[in-house]
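Now for the letters of each chain:
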Amino acid sequence: MKISAPVAEIFCSLQGEGLYMGQRQVFLRFAGCNLRCGYCDEPASLDDAAARAMTPQEAAAAVVKLARSKKASDVSLTGGEPLLRHRFIKALAPLLKKAGLRLHLETNGVLHRELKAVAPLVDVVAMDIKLPSATGQRARWADHKRFFSVVPEKTFIKTVVTNRTGLPEFARAVRLAASVWDGVPFFIQPATARRGVRPPSASFVAEASCLAAALLPHVKVLPQQHPIWGVK
Ligand code: SF4
């Protein structure tokens, strides 16, 4: 069976979030997502109507060409939700590894079965813990815990907080992370202000950071940098 996936875009930019912030990367953005977060900054990627269907070979050729011309050594598979395309990733990853590229997976952190299928092939898993107040959706605690348990040593966690986030739900995310591996790099990401979305207060961020640091030694507060830098 011929494998293909809807690819919204392939581009080179600076990583604007998390542990590899500032690193030049090629981004392969898949269309389609299993969630609908209130603060989503990629609404266009939720719909695959505008995406191009690509085979793993076509996508790998485009990524490798761009990585070589832009001197990037790392590739982020992002979305939407890339794990909706786990079969495609299984075929794509060996082609990218053969070209010497390191693979990052940027994921909403709930599709744990799909992660198991590709975990040996990726180098870094950047997972979210989605707080219900920030997403406007039901909590996914059990899914997040199973997800983080798949390859904790390859994983870092990002939690977006808004002016609606409460400390009890944030504390639950921290306890969840600590219960699997307290050495995980844990990023508190104040939401970027946009229509209908407001960042949390400075006092909330300070309190949340203190609360997280009581259980996790590697906590940082890091807002999205790409809107500040004016890059994609
Ligand atoms: S998981 Fe990511 S891509 Fe999907 S709706 Fe939420 S923020 Fe948008």
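Structure: above.
So, here's what we can say about the structure. (Residues numbered from 1 in each chain as written. Predicted model: local features only at pLDDT ≥ 70, side-chain atom pairs only at ≥ 80, totals over all residues.)

With that settled, the discussion passes to the pairing of strand 5 (residues 102–107). Within strand 5, five of the six residues are buried, which leaves it mostly tucked inside the rest of the structure. Taken together, the four bridges between strand 4 (residues 74–78) and strand 5 define a ladder with parallel strand orientation. The partner of Val 75 across the bridge, within strand 5, is Leu 103. Tracing the backbone out of strand 4, into helix 2 (residues 86–98) and back to the parallel element strand 5 gives a crossover that is right-handed. For the handedness criterion, the β-α-β arrangement of strand 5, helix 3 (residues 112–118) and strand 6 (residues 124–128) is classed as right-handed. (Buried ≥ 20, exposed ≤ 12 C-beta atoms within 10 Å, placed from the backbone. Helix = DSSP H or I, 4+ residues; strand = E, 2+ residues; numbered from the N terminus. Pairing = 2+ DSSP bridges. Right-handed = clockwise from strand over helix to strand, strands pointing away.)

Bringing unusual backbone geometry into the picture now. Backbone torsion omega between Gly 79 and Gly 80 reads 15°, so that peptide bond is classified as cis. Positive phi is not limited to glycine here, since Lys 71 has a value of about 60°. When you line up the elements, Lys 71 lands in the loop between helix 1 (56–70) and strand 4.

Quick look at the packing of helix 5 (residues 141–148) against helix 6 (residues 167–180) now. Following both chains from N to C, one finds helix 5 and helix 6 inclined at 30°, their axes separated by 10 Å at the closest point. By the angle between their axes, helix 5 is roughly parallel relative to helix 6. Helix 6 is crossed by helix 5, and the crossing has right-handed handedness. Contacts between helix 5 and helix 6 involve Trp 141, His 144, Lys 145 and Phe 148 from the first element and Arg 172, Leu 176, Ala 177 and Val 180 from the second. Looking at side-chain class alone, the contact of helix 5 with helix 6 contains five nonpolar, one polar and two charged residues. (Axes fitted to C-alpha atoms, helices over the stretch in contact; angles between N-to-C directions. Parallel < 35°, antiparallel > 145°, perpendicular 65-115°, else oblique. Left-handed = near helix turned anticlockwise from the far one by under 90°. Contact = placed C-beta atoms within 7 Å. Nonpolar A, V, L, I, M, F, W, Y, C, P; charged D, E, K, R; others polar.)

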